[in-house]
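If you want the building blocks of each chain, they are given just below.
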Amino acid sequence: MVSVFYPAGEVRGLSVARQFSPGVAGVFGQVMPLVRPGLPRVGVDWAGTATHAYVGAPVLGGRWPVLVYSPGGGDPRGLGTCVAEEMASWGWVVVCVDHPGDAVAVEFPVERAGRERVRTTVFRGDPRADAGVFRTMVGARVADVRFVLDELGSFAAGGGGGGAGRAVPGGFGRALDLRRVGVYGHSAGGTAAAQAMYEDRRIGAAVNWEGFLDQAPRASGRPGELLPVARCGVDRPLLLVGTDGFAGREELGRSWSAVRAHSGGRVRQRRFADAAHWVFTDYAAMVPQLQAAGLMSADARRGLVGSVAPEVSVPGVRRSVRSFFEGWRLGWW
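Before going into details, it helps to say that this report is about the structure given with it. Fair warning: this is a prediction, and the values are worked out from it, not measured in the lab. (Residues numbered from 1 in each chain as written. Predicted model: local features only at pLDDT ≥ 70, side-chain atom pairs only at ≥ 80, totals over all residues. Heavy atoms only, no water.)

1. Regarding the packing of helix H2 (residues 81–89) against helix H10 (residues 310–329)
At a minimum axis separation of 10 Å, H2 and H10 run at an interaxial angle of 45 degrees. Viewed along their axes, H2 and H10 adopt a mutual orientation that is oblique. Crossing of H2 over H10 shows right-handed handedness. Contacts between H2 and H10 involve Cys-82, Val-83, Glu-86 and Met-87 from the former and Val-317, Arg-318, Val-321, Arg-322 and Phe-325 from the latter. Split by residue class, the contact of H2 with H10 holds six nonpolar, no polar and three charged. (Axes fitted to C-alpha atoms, helices over the stretch in contact; angles between N-to-C directions. Helix = DSSP H or I, 4+ residues; strand = E, 2+ residues; numbered from the N terminus. Parallel < 35°, antiparallel > 145°, perpendicular 65-115°, else oblique. Left-handed = near helix turned anticlockwise from the far one by under 90°. Contact = heavy atoms within 4.5 Å. Nonpolar A, V, L, I, M, F, W, Y, C, P; charged D, E, K, R; others polar.)

2. Description of the sheet that holds strand S1 (residues 2–5)
The strand order across the open sheet formed by seven strands is S1-S5-S4-S8-S9-S10-S11, and the pairing between neighbours is mixed. Two strands close off the open sheet at either side, each with one partner strand: S1 and strand S11 (267–272). Averaged over all neighbouring strand pairs, the angle between strand axes comes to 20 degrees, with direction disregarded. Taken strand by strand, helix H7 (residues 249–261) contacts strand S9 (205–209), strand S10 (238–243) and S11, and its axis lies near 165 degrees from that of S10. (Pairing = 2+ DSSP bridges.)

3. Here we look at the state of the cysteines
For the structure on display, the rule yields zero disulfides. Of all cysteine sulfurs, the one in Cys-96 lies closest to Cys-82, which takes part in no disulfide; the gap is 11 Å. Owing to a relative accessible area of 1%, Cys-96 belongs among the buried residues under this scheme. (Disulfide = S-S within 2.5 Å. Buried < 20%, exposed > 50% of the residue type's maximum accessible area, 1.4 Å probe, protein only.)

4. Some words on unusual backbone geometry
We note that Ser-187 has phi near 55 degrees; this positive angle belongs to a residue other than glycine. Phi at Asp-274 is positive, roughly 55 degrees, even though this residue is not glycine. Among the secondary structure elements, Asp-274 is positioned in the loop between S11 and helix H8 (283–292). According to the relative accessible area criterion, Asp-274 is partly exposed, its value standing at 46%.

5. Re the pattern of salt bridges
Under the definition given, this model contains 20 salt bridges. Measuring nitrogen to oxygen at the nearest pair gives 2.5 Å for the salt bridge that ties Arg-128 to Asp-214. Placement of the pair is Arg-128 in the loop between strand S7 (118–120) and helix H3 (131–156) and Asp-214 in the loop between S9 and helix H6 (228–232), with a sequence separation of 86 residues. You can call Arg-128 buried: its relative accessible area is 9%. Take Asp-214: its relative accessible area is 2%, and that puts it in the buried class. One network of salt bridges, with partners in common, ties together Arg-146, Asp-150, Glu-199, Asp-200 and Arg-202. (Salt bridge = Lys/Arg side-chain N within 4 Å of Asp/Glu carboxyl O.)

Here you go:
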C-alpha cells in the first residue's frame with residue numbers, strides 16, 4: 001500500500017505509472033465529490049492520469065536519502081504525486097503511504113479471505129469533529145509511518161521482499177541511505193509527520209502542511225490537549241506551512257505557537273498567499289484544469305486550492321519542500 005519514487009536508470013520499454021489504480025479511481029470518482037464540494041461527479045477519467053514515473057524502473061546507482069509522505073485525512077497517496085516526483089528527480093527516495101481505513105480507498109495487491117480487494121474509508125464526516133476518532137487516526141498514522149521505516153530498514157539490511165510476490169528493482173535496498181530520513185505530510189498527514197519525528201529518532205526532519213498539533217476540541221468547547229510534539233517541542237528541524245485561506249487558521253495557530261515556543265529555534269513557519277488547504281496536493285494542478293474545462297466553478301476552485309495560479313502554486317510548494325530538506329541534508333540547520 002505504498003508507492004516508491006526514486007532516481008531511475010534506463011526506462012525504455014517500461015509502462016508509465018498511473019496516478020491512481022483502477023480500483024481506487026472508481027471509488028475516488030464516486031466519493032470525493034461528496035466530501036470535497038465542487039469536484040465534478042461526471043466528465044473525469046480519474047484512472048487515466050499518467051505520471052512521469054515508470055513501473056519497475058531500475059534504481060540509479062548511488063545511495064539516496066529517504067522521505068516518507070503521509071496524505072491528508074481521507075486522501076489517497078496518489079494525491080501526493082507531484083511533490084514525490086519532484087523530490088525523486090533531485091535524488092531522493094520518496095515513499096508515499098496509504099492509510100487503510102482512512103484513505104477514501106486503498107487497493108490491496110492481493111485477495112485475502114474476509115477482506116475486500118478495495119477497502120474504502122471508515123470516515124463518515126470530519127474526523128476532527130470526534131476527539132476519539134481523531135486520536136485513533138493520528139496514532140494509526142504514526143504507527144504506519146514507523147512500520148514503513150522498519151520495512152525500509154529490512155530492505156537496507158538485505159532482507160525484505162516484494163509485496164504480493166512482486167519483484168523489487170535490483171539494488172533497491174543498497175540505494176537507501178537511512179541515515180538521512182525525513183517525513184512530510186498534509187493535514188492529518190502533517191500532524192503524523194511532526195509527531196512521528198518526535199517519537200522516532202530515525203527521522204531527522206519533518207514538514208507539516210497545515211496539520212493540527214493538538215487533539216480535537218472537547219465537547220465542552222475547550223481546546224484539545226496538545227500533542228507531545230507541541231507540548232515538549234522538537235530538537236530537529238520542523239517546517240510548518242499554512243495558507244491564508246484555511247478556515248482553521250486560528251485553531252491551528254495555538255498548537256503551532258506551542259511547538260515553536262518549545263523548540264529552541266528549530267521550527268520554521270511560512271504561509272502561501274491566495275491559497276487554500278488542498279494547494280499542497282495534486283489538486284493544485286488538477287482543479288484549475290477542471291475549472292477551465294467547465295467542470296468546476298470558480299468558487300469551488302477557491303474553496304479547494306485558492307485563486308493562486310498553478311504555475312505559481314505547484315512550483316512554489318515543490319521549492320519549499322526541496323529547499324527545506326536539502327538545507328537539512330547539507331547541514332545548513
